[in-house]
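# Coordinate inspection notes
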Amino acid sequence: MLLIGTHISTAGGLHKVFKRAELLKCEAIQIFTRNQLQWNSKELSSEEIKNFKDAFMISTVSKVISHASYLINLSGEKNIRIKSEHALEQEILRCELLGINEVVLHHGFALGLPKTIAINKIAESLQRIIDTFKNTNITILLETTSGQGSVIGSDFSELASIHRLLNFSPRIGFCIDTCHIFAAGYDIRTVTGYNDVTSLLISKLGLENIKCWHLNDSLNELGSGKDRHASLGVGKIGLPPFEILMQDKRFNSLPAILETPKENNGDIRNLAILRKSKFIKK
């Protein structure tokens, strides 16, 4: 079964995520290792690294995923692209120091460029970064996108093209966001729809390359192109696909991370839905 968890705040210190996660009985978590809305970040101290590793070692949490900065655009104009590559490099370095093996990435927008050119630029940047960190075992997880604006990755074929340009590097994987794929027009609301979409995902990206799920309902309708997350069962997707996913053995042992609203004990409610869904008899 999937490893259930949520995005956890690092307020007060990176190591504090584990106590917060354990209170929620998370099996997997996602964190920001730095402020995701700033280009620059201070280096991790030896104490921060030790505290995090020590807490991780004794924690019941079995998987930690990092999410890279939202500012990154690997298909941006020259200055933004340079900053983006540097920010991703720094994120990978931080993860290596902390013992985190996977980084989720919002890879970029075309911003007036033909999508084929934007895809090539993203692949070129990723190749440079992979080459720079060839001696690490950190995997970059390209996240499916909602189709908002000129974002790359709302079509599974676009993600497949990036991977193909990278010669199907094992250092690249994929994070599937339920809100994003629904907003992009992939209808997972029924058993048939779920099976069709996941079969397409696997055929385009490869089952072995799908490394993480982000679980979110959608405030907006199918194909809206809008990235607006909702609590499970409250939005336009509904509960059935999450119940199916929780029992889909093809994705066993992958982290399933909530990015749902946290107000009014949102994490407690949404985690309870996922746990119940694991044991619904079919």
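Before going further, it helps to examine the packing of helix α4 (residues 115–132) against helix α5 (residues 156–165). Here α4 crosses α5 at 45°, and the two axes come no closer than 9 Å. Considering their axes alone, α4 and α5 lie oblique with respect to each other. Handedness of the α4/α5 crossing: right-handed. Within the contact between the two elements, α4 uses Lys 115, Ile 119, Asn 120, Ile 122, Ala 123 and Leu 126 and α5 uses Glu 158, Ser 161, Ile 162 and Leu 165.

Although it is not a glycine, Lys 25 adopts a positive phi angle of roughly 60°. Within the secondary structure, Lys 25 is located in the loop between α1 (17–23) and β2 (28–31).

One pass over the full model with this rule turns up six aromatic pairs. Ring plane angle 20° and centroid distance 5.1 Å describe the contact between Phe 18 and Phe 56, whose orientation is recorded as stacked. Of this pair, Phe 18 sits in helix α1 while Phe 56 sits in helix α2 (residues 46–58), and the two are 38 residues apart along the sequence. Given a relative accessible area of 18%, Phe 56 falls into the buried group.

Right, let's get into the pattern of salt bridges. Side chains bearing opposite charge may pair, as long as their charged atoms lie close to each other. As enumerated under the stated definition, the model contains ten salt bridges in all. The salt bridge involving Asp 54 is made with Lys 50; its shortest N-O contact spans 2.6 Å. Residue Asp 54 and its partner Lys 50 are both found in helix α2; the two are separated by four residues, about one turn of the helix. Judged by relative accessible area, which is 52%, Lys 50 ranks as exposed. Between Asp 248 and Arg 250 there is a salt bridge whose closest N-O contact spans 2.7 Å.

Another aspect to go through is helix α3 (residues 78–98). Across its 21 residues, α3 extends 30 Å between first and last C-alpha, which sits within 8% of the 30 Å expected from 1.5 Å per residue. One side-chain oxygen at the N-terminal end of α3 lies 3.1 Å from the backbone nitrogen of Asn 79; it belongs to Glu 77.

Strands sit in the order β1-β2-β3-β4-β5-β6-β7-β10 around a closed barrel of eight strands; the barrel is parallel. The sheet shows a mean angle of 30° between the axes of neighbouring strands, direction not considered. For β2 and strand β3 (residues 63–67), the ladder comprises four bridges, and the chain directions are parallel. Counted as the bridge partner of Ile 29 is Val 64 from β3. Those strands touched by α3 are β3, β4 (102–105) and β5 (139–143), and its axis lies near 155° from that of β4.

Right, let's get into the nonpolar core. Counting 74 residues, the largest nonpolar core has Ile 29, Phe 52, Leu 88, Leu 126 and Trp 213 as its most contacted members. If you tally residues by element for this core, the top one is α4, at seven residues. If near-sequence neighbours (up to four positions away) are discounted, Leu 126 is found in contact with Leu 74, Leu 88, Leu 105, Ile 140, Leu 142, Ile 162, Leu 166 and Ile 172.

Taking 1.5 Å per residue as the helical rise, helix α9 (residues 266–278) with its 13 residues ought to reach 18 Å, and the 19 Å between its terminal C-alpha atoms agrees with that figure. Residues Gly 266, Asp 267, Asn 270, Leu 271, Ile 273, Leu 274, Ser 277 and Lys 278 constitute the buried set of α9. Angularly, the buried residues of α9 cover 150° about the axis, an arc narrow enough to put them on a single face. Exposed and facing more than 90 degrees away from the buried side of α9 are Ile 268 and Lys 276.

Among the secondary structure elements, Ile 273 is positioned in helix α9. Since its relative accessible area comes to 17%, Ile 273 is described here as buried. Residues Ile 273 and Val 104, spaced 169 residues apart in sequence, show a C-alpha to C-alpha distance of 24 Å. If we skip the residues at most four places from it in the chain, Ile 273 touches Leu 232 and Leu 239.

This part takes up the pairing of strand β1 (residues 3–7). Burial runs high along β1: four of the five residues are buried. The pairing of β1 with strand β10 (residues 255–258) spans four bridges and is classified as parallel. Of the residues in β10, the one forming a bridge with Ile 4 is Ala 256. Note that β1 and β2 share three bridges and pair parallel. Pairing of His 7 across the sheet is with Gln 30, part of β2.

The rules we used
- Residues numbered from 1 in each chain as written.
- Predicted model: local features only at pLDDT ≥ 70, side-chain atom pairs only at ≥ 80, totals over all residues.
- Heavy atoms only, no water.
- Axes fitted to C-alpha atoms, helices over the stretch in contact; angles between N-to-C directions.
- Helix = DSSP H or I, 4+ residues; strand = E, 2+ residues; numbered from the N terminus.
- Parallel < 35°, antiparallel > 145°, perpendicular 65-115°, else oblique.
- Left-handed = near helix turned anticlockwise from the far one by under 90°.
- Contact = heavy atoms within 4.5 Å.
- Phe/Tyr/Trp six-rings, centres within 6.5 Å; stacked < 30°, edge-to-face > 60°.
- Buried < 20%, exposed > 50% of the residue type's maximum accessible area, 1.4 Å probe, protein only.
- Salt bridge = Lys/Arg side-chain N within 4 Å of Asp/Glu carboxyl O.
- Expected span 1.5 Å × (residues − 1).
- Polar contact = N/O pair within 3.5 Å; in protein donor to acceptor, adjacent residues only side chain to side chain.
- Pairing = 2+ DSSP bridges.
- Core = buried A, V, L, I, M, F, W, Y, C linked by side-chain atoms within 4.5 Å.
- Arc of directions from axis to C-beta.

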